[in-house]
Amino acid sequence: MMEPLIKTIEVPCDQERAFTVFMDMRSWWPTDKFATSKMRDKTVKQLRVDAREGGQIIEVGSDDVEVLWGTIKTYDPYSYLNMDFHIPHPSEKNPGFSTVEVRFVALGEDRTRVELTQSNWEALGDVAEMVQGGYKQAWVMIFEGAYRAACAG
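Thresholds applied
Residues numbered from 1 in each chain as written. Predicted model: local features only at pLDDT ≥ 70, side-chain atom pairs only at ≥ 80, totals over all residues. Heavy atoms only, no water. Pairing = 2+ DSSP bridges. Helix = DSSP H or I, 4+ residues; strand = E, 2+ residues; numbered from the N terminus. Axes fitted to C-alpha atoms, helices over the stretch in contact; angles between N-to-C directions. Contact = heavy atoms within 4.5 Å. Buried < 20%, exposed > 50% of the residue type's maximum accessible area, 1.4 Å probe, protein only. Polar contact = N/O pair within 3.5 Å; in protein donor to acceptor, adjacent residues only side chain to side chain.

Read from one edge of the open sheet, seven strands run 1-7-6-5-4-3-2, paired in antiparallel fashion. Edge positions in the sheet fall to strand 1 (5–11) and strand 2 (44–49), since each has one partner strand and no second. With direction set aside, neighbouring strand axes in the sheet form an average angle of 20 degrees. As judged from the seven bridges shared by strand 1 and strand 7 (residues 111–119), these two strands associate in the antiparallel manner. Opposite threonine 8, over in strand 7, you have glutamate 115 as the bridge partner. Helix-sheet contacts for helix 1 (residues 15–23) involve strand 1, strand 2, strand 4 (66–76), strand 5 (80–85), strand 6 (98–108) and strand 7, and the interaxial angle to strand 6 is about 155 degrees. Contacts between helix 3 (residues 128–152) and the sheet are confined to strand 1, strand 5, strand 6 and strand 7, with strand 1 contributing the most and set at about 15 degrees to the helix.

Rendered as structure tokens:
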């Protein structure tokens, strides 16, 4: 069993805003670097997040190709989110999904601790170790950088 990847940050906003910003992924996710469209030399036209239990996260490329990034399994506004998640490489024939859990804990009126845990790497099969290594680096830019900055501003 592969170890989960855990990232914990503090963001300069209240718990409600931290959760709301996270769910508005299209406003902060660096799709110019981390998207299946980019891997196909296209751009991302849209990133749809259906913010509800059972809702899906779908990337729509400039070529109108739609790719499922994940499905929200547990949606507890302002405190917890659990989803199947994986941005598959176009060469992956049957991409599996890791599990991403995000917890939002109020530390004060304008500070929130956000903990992201990504696990269930085994579901990705032969590419599990490679993908885990990629996310380990990518979450620094995506979560610790872009998401934190979006919460600040």
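There's plenty left to go through after this.
Every buried residue belonging to helix 1 is among Ala18, Phe19, Val21, Phe22 and Met23, and all of these are buried. Of the residues flanking the start of helix 1, the one acting as N-cap is aspartate 14, its side-chain oxygen 3.3 Å from the backbone nitrogen of glutamate 16.

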